[in-house]
Amino acid sequence: MYSLDGKVALVTGGSKGIGKAIALALAHRGAKVCINYSSDDKAAENTLSELMEINGWGMKIKADVSDTDDVKRMVATIVKEADTVHILVNNAGIIRDSLLMLMKDDDWRRVIEINLNGVYNCSKAVLRPMIGEKWGRIINIVSPSAIMGRPGQTNYAASKGGIYSFTKSLAKELARLGITVNALSPGVIETELTKVLEEKVRREFIGMIPLGRFGNPSEVAHAACFLASGESQYITGVLISVDGGLT
Ligand code: NAP
């Protein structure tokens, strides 16, 4: 089940955390996986080595997803090396939390540019190859903040809520072309992004999670593999939460 033999996947922010777990899981199911990242060459190199060990294929491309030209170059490189793109996981994301009163303009701007404009840039760039294949999977990583809201996260929640609405509309645009578009919402997952949480905040979160613990990246990756596979072909425009019951 969920075989991805012969498929080519791009995972943005695939060098670490949730993106890395998704990239490795897609490779385990037979996909040729390209990971994207923006700054940490060492982490990307390590993930690339792990990909190569799994199925002998891998690519890493440094590109800022908020930069339209960078993204066009990235997708052109993948098409040149691997012929096409079948699966896009829009995972790259940042947080810059602050109460709105104190929020720096740049923190609002960068979160929207990377999280939301990044999804626009990458989705648009892969459409031509996916339409050519008459088959595609776009999986957008969102967040419980988009659904529940959270103090200090107006920028992040707006970016993720925007991605959710984008998902619903694009799913309708592409349904007749064999391309599905879905959102995946991880709960609180153990990654670099959440390492910075204070102990008090960790305890507060765990108290809100019916399953009583944070998730791990591989638990999100299982759901991503299902959405990337042929078995999910009648599912489009939905949001699947992998959050221990949080939402
Ligand atoms: P992470 O460990 O901080 O990894 C983020 C990844 O994104 C890295 O590979 C990073 O590469 C890349 N990245 C950052 N800015 C980029 C840019 N401008 N262009 C291209 N790549 C960029 O994050 P994570 O916790 O795995 O989160 C992954 C996604 O899940 C995010 O969209 C996040 O909002 C979402 N999410 C996470 C949680 C959670 O609890 N962790 C919960 C809900 C949703 P470099 O380091 O090289 O820049």
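Above: the structure in question.
Basis of the calculations
- Residues numbered from 1 in each chain as written.
- Predicted model: local features only at pLDDT ≥ 70, side-chain atom pairs only at ≥ 80, totals over all residues.
- Heavy atoms only, no water.
- Helix = DSSP H or I, 4+ residues; strand = E, 2+ residues; numbered from the N terminus.
- Contact = heavy atoms within 4.5 Å.
- Near = heavy atom within 4 Å.
- Polar contact = N/O pair within 3.5 Å; in protein donor to acceptor, adjacent residues only side chain to side chain.
- Areas by Shrake-Rupley, 256 points an atom, 1.4 Å probe, with all protein chains shown as cover.
- Pairing = 2+ DSSP bridges.
- Axes fitted to C-alpha atoms, helices over the stretch in contact; angles between N-to-C directions.
- Buried < 20%, exposed > 50% of the residue type's maximum accessible area, 1.4 Å probe, protein only.
- Arc of directions from axis to C-beta.

Asker: Explain the side chain of Ser 185 here, please?
Answerer: Here Ser 185 lies in strand 6 (residues 179-186). Every residue in contact with Ser 185, bar those within four places of it in the chain, is listed here: Val 142, Ser 143, Pro 144, Ile 147, Leu 239, Ile 240, Ser 241, Val 242 and Asp 243.

Asker: Would you explain the site of the ligand in this entry?
Answerer: The ligand sits among 31 residues. The nearest are Ser 15, Ser 38, Asn 91, Tyr 156 and Thr 191. In the model, a nitrogen atom of the ligand is placed 3.4 Å from a nitrogen or oxygen of the Ala 63 main chain. Within the contact set of the ligand, an oxygen atom lies 3.3 Å away from a backbone nitrogen or oxygen of Gly 187. Contact with the protein chains covers 93% of the free accessible surface of the ligand, which is 900 Å².

Asker: Would you mind showing me how to read the sheet that holds strand 7 (residues 239-242) here?
Answerer: Through backbone hydrogen bonds, the strands of a sheet pair up, either in parallel or in antiparallel fashion. Spatially, the seven strands line up as an open sheet ordered 3-2-1-4-5-6-7, and their pairing is parallel. The strands lining the two open edges of the sheet, one partner per strand, are strand 3 (59-62) and strand 7. The sheet shows a mean angle of 20° between the axes of neighbouring strands, direction not considered. Note that strand 6 and strand 7 share four bridges and pair parallel. Residue pairing across strands places Ser 185 opposite Ser 241, the latter belonging to strand 7. Its contacts with the sheet place helix 1 (residues 17-28) against strand 1 (8-11), strand 2 (32-37), strand 4 (87-90), strand 5 (136-141) and strand 6, and it is angled at close to 170° to strand 1. On the sheet, helix 9 (residues 217-228) packs against strand 4, strand 5, strand 6 and strand 7 and is oriented at approximately 170° with respect to strand 6.

Asker: Is there a simple way to explain helix 8 (residues 199-208) in this structure?
Answerer: Since the α-helix turns once every 3.6 residues, residues separated by three or four places project in the same direction. Burial in helix 8 covers these residues: Val 201, Arg 202 and Phe 205. With its buried residues spanning 105° around the axis, helix 8 presents them on a single face. Facing away from the buried side of helix 8 by more than 90 degrees, the exposed set consists of Lys 200, Arg 203 and Gly 207. Close packing links the buried residues of helix 8 with helix 7 (192-195).

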